[in-house]
Amino acid sequence: MELRNLRALVEVARQGGFTPAAKVLFLSQPSVSKAVRQLEEELGETLFTRSGDGAKLTEAGEVVFARAVAMLAESEHMRAELAEIRGLFTGKLRLGLPIFGSARLFAPLFAAYRRRYPGVEIELLEQGSSRLEEGILAGELELGVSLLPVSDVFASQPVCDDPLMALLWAEHPLSDRERLHLAALAPSPFILFEHGFALNPRIETACLARGFSPQGSARSSQMDFIVALVASGMGVALVPRIMTEERSLAPVRAVLVDEVDLRWRAALVWRRGAHLSPAARAWLELTREAFGPSGKGRA
């Protein structure tokens, strides 16, 4: 079973078709098709259903995909460890970051990491925290950022402990406040995040603890669109304070949500007991240097 064939299968599954996978792999479409066909012949299973809209994994393909991701990751680890023995720090950092807050928190770390380890290739996935956790468990990622608390299957390094801000339209009855309690927002519709964002269930749990269920009026993962929806009066939104700093929100008002049980507690997480590659260990060490052992707490 050749790794190049497994790599072709993984990219076809990720990209949803043979042509886009070929672009990512810098191969011709017939070469990618041939690689997958060889794998299917070797395993005696059909791994994709082909259609004009692309390609979708079969049940057997789902099994092979999960194993292929893990095998490719182990191959990367082996190469990185051998390079480390030879005194060459190369390899690949497979890292997942959230859509919210990453620019402020991690951009300086990328620059520092590149200066220290110019030979490492960074493969970055930006998604909601729930999706990043799935990627770690599947072997697609070594490290990712999620919200505390996390499951016991993960180890964690705190990064940021930030309050949430309520974004309110100009005529909202609470828009002149400096701070408010969550219960005061019960009558308002909520603009929530897309599915896959771990902050959604945190908000919903906090609301239920105060006797109400947030009524969602819209969902988005784009901060500018969320601000525009709030400005139109469609609903209120709760976002980490880091997303409101150095950003023009007018005419929307950002009011501090004064609740100790509803904060954006972000952490770098990885699978507990996993053998991290040298590239991942170096990123973890840099994170600890930047944020300290307990993360960056802000009142």
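Calculation rules
- Residues numbered from 1 in each chain as written.
- Predicted model: local features only at pLDDT ≥ 70, side-chain atom pairs only at ≥ 80, totals over all residues.
- Heavy atoms only, no water.
- Axes fitted to C-alpha atoms, helices over the stretch in contact; angles between N-to-C directions.
- Helix = DSSP H or I, 4+ residues; strand = E, 2+ residues; numbered from the N terminus.
- Parallel < 35°, antiparallel > 145°, perpendicular 65-115°, else oblique.
- Left-handed = near helix turned anticlockwise from the far one by under 90°.
- Contact = heavy atoms within 4.5 Å.
- Nonpolar A, V, L, I, M, F, W, Y, C, P; charged D, E, K, R; others polar.
- Salt bridge = Lys/Arg side-chain N within 4 Å of Asp/Glu carboxyl O.
- Buried < 20%, exposed > 50% of the residue type's maximum accessible area, 1.4 Å probe, protein only.

Re the packing of helix H5 (residues 102–116) against helix H9 (residues 278–291)
One way to put it is that H5 packs onto H9 with a least axis distance of 10 Å and a crossing angle of 125°. Taken together, the axes of H5 and H9 are oblique relative to one another. Helix-helix and strand crossings are classified by hand; for H5 and H9 the assignment is right-handed. Here Leu 105, Phe 106, Leu 109, Phe 110, Ala 112, Tyr 113 and Arg 116 of H5 come into contact with H9, specifically with Ala 279, Ala 282, Trp 283, Leu 286, Thr 287, Glu 289, Ala 290 and Phe 291. When the residues that make up the contact of H5 with H9 are grouped by side-chain class, the tally is 12 nonpolar, one polar and two charged.

Overview of the packing of helix H1 (residues 3–15) against helix H2 (residues 18–25)
Where H1 meets H2, the closest approach of the two axes is 8 Å, and the angle between their N-to-C directions is 120°. Classified by the angle their axes make, H1 and H2 are oblique. In this structure, the crossing between H1 and H2 has a hand that is right-handed. On H2, the residues that touch Arg 7, Ala 8, Glu 11, Val 12 and Gln 15 of H1 are Phe 18, Pro 20, Ala 21, Val 24 and Leu 25. Class assignment of the residues belonging to the contact of H1 with H2 gives a composition of seven nonpolar, one polar and two charged.

With respect to the pattern of salt bridges
This structure, assessed with the given rule, holds 16 salt bridges. Residue Arg 263 is joined to Asp 161 by a salt bridge in which the shortest nitrogen-to-oxygen separation is 2.7 Å. Taken together, the positions of Arg 263 in strand E12 (residues 263–271) and Asp 161 in strand E6 (residues 154–168) put the pair 102 residues apart, joining distant regions of the chain. Residue Asp 161 is classed as partly exposed on the basis of its relative accessible area, which comes to 23%. In this structure, the salt-bridge partner of Glu 259 is Arg 210, at a minimum N-O distance of 2.9 Å. Highlighted residues: Glu 259 in the loop between strand E11 (253–257) and E12 and Arg 210 in the loop between helix H7 (199–209) and strand E9 (216–220), separated in sequence by 49 residues. The class for Arg 210 is partly exposed, based on a relative accessible area of 25%. Within the structure, one salt-bridge network assembled from shared partners comprises Glu 11, Arg 14, Arg 131 and Glu 140.

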